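Reading the structure
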Amino acid sequence: MNQNKKKFYISTPIYYPSAQPHLGHAYCTTLTDVIARGKRLRGYDVFFVTGLDEHGEKIQKNAEAKGETPQEFVDHVADTFLSLWDAMKISNDGWIRTTQQRHWKTVQKIFSRMLEQDDIYLSSYEGWYCVHEESFWTETQVGPEHLCPECGRPVEKAEEPAYFYRCGKHVDSLLKYYEEHPDFITPVSRKNEMVNNFIKPGLQDLCVSRTSFSWGIPVVEDPKHVVYVWLDALTNYITCLGYLQEDDSKFQYFWDDPNTEIVHVIGADITRFHTIYWPMFLESLGLREPDRVFVHGLLMMKGGKMSKSRGNAISAYPLIERYGVDAVRYYLVSEVTFGQNGTFTPEQFVERINQDLANNFGNLLNRSISMIDKYYQGEIPAYEGEVTPLDEDLHKEMEKTLVSYEALNDDMKVTEAYEEVMNLVSAANKYIQDSAPWVLAKDPSKSKELASCMAHLAHVIYEAGMLLSPIMVEKTPELLKQLGVPEELRTYENIKNFGFLNGLKVAKGSPLFPRLEEAKEIEYIASLMAAPKEKAAA
Ligand code: ME8
């Protein structure tokens, strides 16, 4: 921990381990990882956390169906999430599971404090109850026929004692916070939805305990109750830092510093919890609010949302195995604009790799390194300012890309940020076409122009490679090796240091992004999508 650095905290939602993770989970975690890596690249001190939301009736039932205890069940699924994060090269600093003792203890303390402050009170929960399933359902779940969505039997109105969180006293300060922090909920349409659909019609108090199932954190003051899921789940964002634990140094360093930028990345389905209840809980605890809740879009399949319960999810593994992790990461970042929905299709997957990576970036690298090899025996010629108007344009493009890359990333426009880098790569390919170094090479009076062209190409590859490194976790080191850059020179600052590559020796290697055979690969991916998958209980 370094007190002089700018600090950045970022989280994914904690996922329900109700079945195996799919590409939709990989999408959210990868985009968050790319942001975290991007900030580290730029010198920020980053804490990036992901984890699992392991309590609740659904997990208890899934475990029973498998003949396991809930703990055994979540332990197994947790391993599959960890393996996926490992395969996707996720660089999280924290890993939180709500069954961890550190989380339990803090949640119990938080509950007690809220009870003591009269933020929480005992009342009763009324809902539609299925005796057979021993479950409460909501009005929408039972439909007009009042049937249990699980077993189809008639349900009846029933009540159980429950604790509630008092929302009313926090509404004014919440609205004030929204007003004073226009970026708090991004995109802003989500804010209007929260205000108009939930806050203005009158916010109901939130149920924070249940007695009809036991898989949860017991309420110390009333142990037949377990803490109901959102108070348990949302607090993961601070328990992972050691809040109210013996060693809370990370909490103090990251959360408690008003200068730390705090961002939660979530899917639209859980916006209400993160933008209404979470700020209220934090206010109850006298803690600072996050700077931003970024609502991303969904990765869909042609048949609709990719989800465990629909059984239409595609796994990331066979894609990683066949195309490499960088291709999968690049596809996720580039194809599904962060903040919008996108549909996974084999055609687009293959096209992205071929167009952007093989044709555009791969081509720039191969052509440039071959030319440096051919014309200068592999030694990058000295960068001596801009010799031609084309050099000048490319130089400006390099500077402009860096500025907009940072601004777009800071604004969570991740897809657009990387699009800018790809535009720079396209500009560099065009620069080769326009400069025609093969013509310059034939004319000894143009040696200055040729040297400048090669020096510019080497630098543009360095810049693009560094800026893409939060996505290309495996290919960047290979690329920089081909460019001949020793590890100690691979810094972000050197992007602005034109000329630092002078005299380095390129080392031509195998193509980093080989072109895919379109028809064959589309067929292969389509066969993965058609394969039968495990279906989870909804
Ligand atoms: O809601 N495309 O967990 P969850 C993109 N435990 N992202 C997707 C996706 C898809 N098809 N499917 C899921 C929960 N996600 C709670 C969260 S947080 C304190 C508690 C991502 O397993 C998306 O980010 O249902 C969504 O919000 C999250 O997974 C929900 O995961």
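Everything in this summary refers to the structure shown in the same document. All figures in this text were calculated on a predicted structure; none of them were measured in a lab.

A short note on the state of the cysteines
The full count for this structure, using the stated rule, is zero disulfides. Counting only cysteine sulfurs, Cys148 is the nearest neighbor of Cys151, a cysteine outside any disulfide, at a range of 3.7 Å.

A short note on the sheet that holds strand E14 (residues 304-305)
On the basis of which strands lie adjacent, the open sheet formed by three strands has the order E14-E13-E15 and mixed pairing. Taken across any chain shown, the strands that pair with only one partner, and hence form the sheet edges, are E14 and strand E15 (342-343). As defined by bridge partners, strand E13 (residues 299-301) adjoins E14 across two bridges and the pair is classed as antiparallel. By the bridge assignment, Met301 is partnered in E14 with Gly304.

Description of the packing of aromatic side chains
Scanning the model with the defined rule gives 28 aromatic pairs in all. Both rings, one in Phe361 and one in Phe513, keep their centres 6.1 Å apart while their planes meet at 35°; by these two values the pair is tilted. A residue pair is termed long-range when its members are at least 10 positions apart, and Phe361 in helix H14 (residues 346-376) and Phe513 in the loop between helix H19 (475-482) and helix H20 (518-530) qualify at 152 residues. Side by side, Phe361 and Phe513 carry an identical accessibility label, which is buried. Each residue in the set Tyr9, Phe47, Tyr237, Tyr253, Phe254, Trp255 and Trp278 is aromatic and connected to the rest through ring pairs, giving one cluster. Seen from the ring of Tyr228, Arg210 lies directly overhead, with NZ or CZ sitting 4.7 Å from the centre. In this arrangement the basic side chain of Lys475 is found over the ring face of Phe513, its NZ or CZ atom lying 5.7 Å from the centre.

What to know about the sheet that holds strand E6 (residues 156-165)
Spatially, the four strands line up as an open sheet ordered E5-E4-E6-E8, and their pairing is antiparallel. Two strands bound the open sheet, and with one partner strand each, they are strand E5 (135-137) and strand E8 (206-207). Here two bridges tie E6 to E8, and the two strands are oriented antiparallel to one another. By the bridge assignment for E8, Tyr165 is matched with Leu206.

Brief notes about the pairing of strand E11 (residues 261-267)
With six of its seven residues buried, E11 lies for the most part within the structure. Where strand E1 (residues 7-15) meets E11, four bridges bridge the pair, whose relative direction is parallel. Note that in E11 the partner of Phe8 across the bridge is Glu261. As defined by bridge partners, E11 adjoins strand E12 (residues 292-296) across five bridges and the pair is classed as parallel.

Observations regarding H14
With 31 residues, H14 extends 42 Å from end C-alpha to end C-alpha; this agrees with the ideal 45 Å at 1.5 Å per step. Where H14 bends most, the angle comes to about 40°, and this point is Gly362. Just downstream of H14 lies Gln377, where phi reads positive at about 50°.

Conventions and cut-offs
Residues numbered from 1 in each chain as written. Predicted model: local features only at pLDDT ≥ 70, side-chain atom pairs only at ≥ 80, totals over all residues. Heavy atoms only, no water. Disulfide = S-S within 2.5 Å. Pairing = 2+ DSSP bridges. Helix = DSSP H or I, 4+ residues; strand = E, 2+ residues; numbered from the N terminus. Phe/Tyr/Trp six-rings, centres within 6.5 Å; stacked < 30°, edge-to-face > 60°. Buried < 20%, exposed > 50% of the residue type's maximum accessible area, 1.4 Å probe, protein only. Lys NZ or Arg CZ within 6 Å of the ring centre and 35° of its normal. Expected span 1.5 Å × (residues − 1). Bend = angle between axes of the 7 residues up to and from the residue.

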